[in-house]
Amino acid sequence: DILKSSTNGTFNLILMDLRMPVMDGLEATKIIKNELKLDIPVVALTADSSDAIKSECEIIGFDAFQNKPMKRNDLKKVLNDFTGYAVK
């Protein structure tokens with residue numbers, strides 16, 4: 001709901017958990033990318049590292065894929081890569 005009322009530039013990055021109770025991250029990202037047409041990088045977060053889920057994320061349009069638990073250095077790299085902010 002919050003993204004429906006936002007415009008491009010409101011958010012710099014979305015870290016999307018694929019397993020959520022009401023709507024999973026796959027469906028939420030389809031809406032963000034295809035219906036809302038927001039140009040916000042979306043990074044998939046999941047404990048499922050199977051090739052099938054990675055492939056599905058790529059097809060849907062996720063900008064990156066990260067396994068959980070996410071290591072601190074991986075988070076720093078994602079933040080730097082997608083926002084340009086250097087995190088110490």
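Here, the structure is the one placed above.
Basis of the calculations
- Residues numbered from 1 in each chain as written.
- Predicted model: local features only at pLDDT ≥ 70, side-chain atom pairs only at ≥ 80, totals over all residues.
- Heavy atoms only, no water.
- Salt bridge = Lys/Arg side-chain N within 4 Å of Asp/Glu carboxyl O.
- Helix = DSSP H or I, 4+ residues; strand = E, 2+ residues; numbered from the N terminus.
- Buried < 20%, exposed > 50% of the residue type's maximum accessible area, 1.4 Å probe, protein only.
- Core = buried A, V, L, I, M, F, W, Y, C linked by side-chain atoms within 4.5 Å.
- Expected span 1.5 Å × (residues − 1).
- Contact = heavy atoms within 4.5 Å.
- Polar contact = N/O pair within 3.5 Å; in protein donor to acceptor, adjacent residues only side chain to side chain.

**Q** Explain the pattern of salt bridges to me, and be specific about the residues and the numbers.
**A** Under the counting rule described, the total for this entry stands at five salt bridges. With a closest N to O distance of 3.8 Å, Asp48 and Arg19 form a salt bridge. Placement of the pair is Asp48 in the loop between strand 2 (42-46) and helix 2 (51-60) and Arg19 in the loop between strand 1 (14-17) and helix 1 (25-35), with a sequence separation of 29 residues. Judged by relative accessible area, Asp48 falls into the partly exposed class, the value being 26%. Residue Lys77 is joined to Asp81 by a salt bridge in which the shortest nitrogen-to-oxygen separation is 2.7 Å. Residue Lys77 and its partner Asp81 are located together in helix 3 (residues 72-83), separated by four residues, close to a single helical turn. Judged by its relative accessible area of 47%, Asp81 falls in the partly exposed class.

**Q** Which residues make up the nonpolar core, and what values go with them?
**A** Met16, Leu18, Leu26, Cys57 and Phe62 are the most contacted members of the largest nonpolar core, which has 15 residues in total. Contributions of two or more residues to this core are made by strand 1, helix 1, strand 2 and helix 2.

**Q** For helix 3, give the residues involved together with the corresponding values.
**A** Residues lying three or four places apart along an α-helix face the same way, a consequence of the helix completing one turn every 3.6 residues. Taking 1.5 Å per residue, 12 residues should reach 16 Å; helix 3 reaches 16 Å between its end C-alpha atoms and fits that length. Where helix 3 ends, the next residue or the one after it, Gly84, has phi of about 85 degrees, a positive value.

**Q** Residue-level account of helix 1, with values.
**A** Along helix 1, the residues classified as buried are Gly25, Leu26, Ala28, Thr29, Ile31, Ile32 and Lys33. At its buried positions, helix 1 is contacted by strand 1, strand 2 and helix 2. N-cap assignment for helix 1: the residue whose side-chain oxygen lies 3.0 Å from the backbone N of Leu26 is Asp24. Backbone geometry just downstream of helix 1 places Lys37 in the positive-phi region, at approximately 55 degrees.

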